[in-house]
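Inside the fold
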Amino acid sequence: MASNPAATLSALLKDASIEDHEEVLKAANAVLRTSKTNFDALHTRVVALLKLDRFDDALRALDDGGDKLAERCILEKAYALYKTGKLEEAEKLAHKGGKRGLKHVAAQVAYRAEKFEDAAKIYKELSAQEAPIEGEENDLRINSSAVDAQLEWQGSGDKVEQSRKKPGREDLEAFETSYNAACGCIARGDLAAGNVLLKRARDLCEALDELSDEEKRAEVLPIMVQQAYVFTKLGKLEEAEALERMISIADVPEPPTRVIAQNNSLATSPNENPFLTQRLFDSVPTLSHGEMLFEHQASILERNRYTIDLQSLKYSGVAYSTASIIAKVPAPTISPHINPLSVLNAAAAAKCETGKASLKQILPLLEQRPNDVGLILVIIQLYILTNNPGQAVTLLESFFKRLEESTSSADQDVRFAPGLVALAVSLYRASGRKNHIKAELGKAASYWRRKSKPSLSLFRAAGTYLLESSNAEDLSMAGDIFSSLKAQDPNDRTAIAGFVASYATTDLPKVSPDLEKLTPVSRLISGIDAEALEEAGIPTLPIPPSQVASKKRQADTNEKEKEKPVKQRKIRKSKMPKDFEEGKTMDPERWLPLRDRSTYRPKGKKGKKKANDLTQGGVVKDEGESLELAGGAGTVKVEKATGGGGKSKSKKKGKK
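Residues numbered from 1 in each chain as written. Predicted model: local features only at pLDDT ≥ 70, side-chain atom pairs only at ≥ 80, totals over all residues. Heavy atoms only, no water.

As for the overall build of the chain
Secondary structure assignment for the chain yields 33 helices and 2 strands. The buried share among the 656 residues of the chain stands at 33%. Residue pairs at least 24 apart in sequence account for 50% of intrachain contacts in the chain once pairs closer than 6 positions are excluded. With the model as given, the accessible surface of the chain reaches about 43,800 Å², and the carbon-plus-sulfur share is 52%. (Helix = DSSP H or I, 4+ residues; strand = E, 2+ residues; numbered from the N terminus. Buried < 20%, exposed > 50% of the residue type's maximum accessible area, 1.4 Å probe, protein only. Contact = heavy atoms within 4.5 Å. Areas by Shrake-Rupley, 256 points an atom, 1.4 Å probe, with all protein chains shown as cover.)

Right under this line is the structure:
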């Protein structure tokens, strides 16, 4: 008697384990050959295909099953769409139902679509509810920490709760959570803490008993790639090189991680031949839709590729490619993807030159793109390098003025972006313009106070600077700033301290309840001996040994210069007189005409007489002038006329 395929399928499903999905698929296909409308068999086939990572086949099976099967398998279809990179369709389908499984898919779709705030919100909702499945709570903790790390990489670290930024005890219990916490620390710039957490994650992974050696190797390799990156950033190049020798890039299981590992290897061991580097860089595998890099990763790789092109002297190609990408995005923008491309575009236009030569090539670009933030930053940097800070300030202020005149809210957000405000403050501080600093921080703080998501770092900087003023209006503004910070986070000790300092001299009862939250003054000065400080007097800073040594060397060199004889200039032989003898003192009157020299002796009677009448050192005779007659007929003495103040009348000559 032939066996019943449906009964065989039911028996397989009862005894199914994670190892026999192929058998389940074969049984489901056998049932469907006899009954094509068996929805249990159709559903089973879809699930088996998903378990076997055959996501395209699963979507085709869902399409063959019709609308009734699609309504029954919403979760399966949404997951298959997510795995095949069709994120928009998966997002629409995942938000149709309110089941817990669909929320998990919706969170993963948001994560892959880089909508990390939406993913964090969904995971927070799921964590607030009781997990019905064993192990789901641990998965939620792992995924939530991954979202927090991506928010940090994206530059939206202020969206992460302060309590979640510091790794807790539960984060150190599993290698996945330790790895995600390490990524968050690395994104915030805390490389030392990230290095410790990566080591913890690697140790926990290698100590797992439920994983085989191959599975451990697959999990440890991405951790080692991240460790090598951290060692390089910390300057521990020997440790980084040792790790890279242990990493076989071909063995890295995930293609995106393999691409990153190849890029890091090229960056840490540069080749003198840029064309060979370019060939190695282009040898990385092409990623599919489901294996794409995140935007911040892809942006770094793109910049590295353009950098290699610049080293290969491909200036025109880089200029054209970057300009076409920049033109597609409305300016101004503070996008971390577009502004670095503006820098590369400027470098290509200047052919990697620096100084004033590069300014001549880059300034014409500013006329074409006057609101390009990246280009403006490059020009400001070049002005600073060429000791021209006044032009840098003028350029930034003119850019700010154009944005302030704009009616676009996006332009206003760029105008008061924390990074640009910090740049203006730095330039003003370098120029000694304290009033400009206060005005800039005040305008930025008043602007962001009207926004729902203000910049906390800018608020703290503005409030702290205003506290240095003794003006009542400035202190009042600082109080408002710290009050808004305290309202957002009542446990923010910086906000509490600033709030107390703002009103301590004007309205002490207002801040009295917050005084208890601060560290008492007695505790802060408990280790200070006031009497010893008073007896010690005013300290004077010792002169650094390097400066003392430099002064001694300078004095020694001055003495040597005094003792050193003056080096005589060597005269060419063609310029020397015929009777020159080395060591003989030269005649100091050799440059004078012969008649003006003291050794001049005229020839002949006339010459001697003329020489006697000369007044070079002799006594002037008190005689009248004499005129020499022509032809040697003698001389005629001419006496000077005396007196005679009146007019002499001339007599008329008569006719002879």
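Let us keep going from here.
Notes on the packing of aromatic side chains
This model, assessed by the stated rule, comprises 9 aromatic pairs. An angle of 70° between the planes, with centres 6.1 Å apart, marks the rings of phenylalanine 55 and tyrosine 79 as edge-to-face. Highlighted residues: phenylalanine 55 in helix α4 (residues 55-72) and tyrosine 79 in helix α5 (residues 74-83), separated in sequence by 24 residues. The interplanar angle of 35° and the centroid separation of 6.2 Å between the aromatic rings of phenylalanine 399 and phenylalanine 400 together place this pair among those described as tilted. For phenylalanine 400, a relative accessible area of 4% corresponds to the buried category. Members of the aromatic cluster, joined through ring pairs, are Phe55, Tyr79 and Tyr82. (Phe/Tyr/Trp six-rings, centres within 6.5 Å; stacked < 30°, edge-to-face > 60°.)

Points about the pattern of salt bridges
This model, assessed by the stated rule, comprises 13 salt bridges. Of the charged contacts in the structure, one is a salt bridge between arginine 202 and glutamate 206, with a shortest N-O distance of 3.4 Å. Of this pair, arginine 202 and glutamate 206 both sit in helix α12 (residues 191-206), 4 residues apart, which is roughly one turn of the helix. For glutamate 404, the salt bridge identified is with lysine 443, shortest N-O distance 3.5 Å. Residue glutamate 404 is found in helix α22 (residues 389-405), and its partner lysine 443 is found in helix α25 (residues 434-449); the two are separated by 39 residues along the sequence. (Salt bridge = Lys/Arg side-chain N within 4 Å of Asp/Glu carboxyl O.)

Here's the deal with the packing of helix α18 (residues 315-327) against helix α19 (residues 338-349)
Running from N to C, α18 and α19 cross one another at 150°; their axes reach a closest spacing of 8 Å. Classified by the interaxial angle, the pair formed by α18 and α19 is roughly antiparallel. With respect to the hand of their crossing, α18 and α19 are arranged in left-handed fashion. From α18, Tyr315, Val318, Ala319, Thr322, Ala323, Ile325 and Ile326 reach across to α19, where they touch Ile338, Leu341, Ser342, Leu344, Asn345 and Ala348. Taken together, the residues of the contact of α18 with α19 break down into 10 nonpolar, 3 polar and no charged. (Axes fitted to C-alpha atoms, helices over the stretch in contact; angles between N-to-C directions. Parallel < 35°, antiparallel > 145°, perpendicular 65-115°, else oblique. Left-handed = near helix turned anticlockwise from the far one by under 90°. Nonpolar A, V, L, I, M, F, W, Y, C, P; charged D, E, K, R; others polar.)

Quick notes on the confidence of the model for the chain
For the chain, the average pLDDT comes to 79, and 83% of its residues sit at 70 or higher. Note on residues 629-633: pLDDT is under 50 here. Beyond four places in sequence and across chains, it has 3 contacts. Note that pLDDT drops below 50 for residues 641-656; the model gives that stretch 0 contacts with residues more than four away or on any other chain. (pLDDT = per-residue confidence, 0-100.)

Observations concerning the nonpolar core
Ile362 and Ile379 are the most contacted members of the largest nonpolar core, which has 51 residues in total. When residues of this core are traced back to their parent elements, those giving at least two are α20 (356-368), α21 (373-385), α22, α24 (418-431), α25, α26 (456-467), α27 (472-488) and α28 (493-503). Once residues lying within four places of it in the same chain are set aside, the contact partners of isoleucine 362 are Ala346, Ala350, Leu375, Val378, Ile379 and Leu382. Listed in part, the 41 residues of the second largest apolar core include Leu25, Leu42, Phe55 and Leu151. (Core = buried A, V, L, I, M, F, W, Y, C linked by side-chain atoms within 4.5 Å.)

Considerations on the side chain of threonine 84
Mapping threonine 84 onto the fold places it in the loop between α5 and α6 (87-94). At 2.9 Å, the side chain of threonine 84 and the backbone oxygen of alanine 80 are in polar contact. Within polar-contact distance, the side chain of threonine 84 engages the backbone oxygen of leucine 81 at 3.1 Å. (Polar contact = N/O pair within 3.5 Å; in protein donor to acceptor, adjacent residues only side chain to side chain.)

Points about a negative patch on the surface
A contiguous patch of negative charge, built from Asp213, Glu214, Glu215, Glu219 and Glu254, is present on the exposed surface. Looking at the secondary structure, you find glutamate 214 in helix α13 (residues 213-233). You can call glutamate 214 exposed: its relative accessible area is 68%. (Patch = residues over 30% accessible without salt bridge, like charges linked within 9 Å, V, L, I, M, F, W, Y side chains within 5 Å. Lys, Arg positive; Asp, Glu negative; His and termini not counted. Charge placed at Lys NZ, Arg CZ, Asp CG, Glu CD.)

Some remarks on the packing of helix α16 (residues 274-281) against helix α17 (residues 295-311)
Two measures define how a pair of helices packs: the angle their axes make with one another and the distance between the axes. Put simply, α16 and α17 touch, their axes get as near as 9 Å, and they point 150° apart. Classified by the interaxial angle, the pair formed by α16 and α17 is roughly antiparallel. In this structure, the crossing between α16 and α17 has a hand that is left-handed. For the pair α16 and α17, contact is made by Pro274, Thr277, Gln278 and Phe281 and by Leu301, Asn304, Arg305, Ile308, Asp309 and Gln311, respectively. Class assignment for the residues of the contact of α16 with α17 results in 4 nonpolar, 4 polar and 2 charged.

Brief notes about a nonpolar patch on the surface
Taken together, the side chains of Val521, Leu524, Ile525, Ile528 and Leu533 define a hydrophobic patch exposed on the protein surface, amounting to about 510 Å² of accessible area. Tracing the backbone through its elements, the reader meets leucine 524 in helix α30 (residues 521-524). We classify leucine 524 as exposed; its relative accessible area is 57%.

Concerning unusual backbone geometry
Following alanine 331, the chain continues to proline 332 via a peptide bond in cis, the omega torsion being 5°. One can find proline 332 in the loop between α18 and α19. Residues other than glycine seldom take positive phi values, yet aspartate 53 does so here, at roughly 60°. Here aspartate 53 shows up in the loop between α3 (39-51) and α4. When its relative accessible area of 54% is taken as the criterion, aspartate 53 is described as exposed. Backbone geometry places cysteine 352, a non-glycine residue, at a positive phi of 65°. Inspection of the secondary structure assignment puts cysteine 352 in the loop between α19 and α20.

Side note on the side chain of aspartate 411
By the element assignment, aspartate 411 lies in helix α23 (residues 409-415). Although aspartate 411 lies buried, it forms no salt bridge, and the closest oppositely charged side chain, arginine 402, sits 9.4 Å away as judged by the N-O distance. Here aspartate 411 is in contact with Pro332, Leu403 and Ser406, once residues within four sequence places are set aside.

Regarding α18
Taking 1.5 Å as the rise per residue, α18 with 13 residues should run 18 Å; its terminal C-alpha atoms sit 18 Å apart, in good agreement. Every buried residue belonging to α18 is among Tyr315, Val318, Thr322 and Ile326, and all of these are buried. Each buried residue of α18 lies within a common arc of 70° when the element is viewed along its axis, so the set occupies one face. Along α18, exposed side chains directed more than 90 degrees from the buried face belong to Ser316, Tyr320 and Ala327. Those residues of α18 hidden inside the fold are in contact with α17 and α19. (Expected span 1.5 Å × (residues − 1). Arc of directions from axis to C-beta.)

Structural notes on helix α15 (residues 255-268)
With 14 residues, α15 ought to run about 20 Å at 1.5 Å a step, and its terminal C-alpha atoms sit 20 Å apart, in line with that. By the burial criterion, the buried members of α15 are Pro255, Pro256, Thr257, Val259, Ala261, Gln262, Asn263, Asn264 and Leu266. Buried residues belonging to α15 abut α13, α14 (237-246), α16 and α17.

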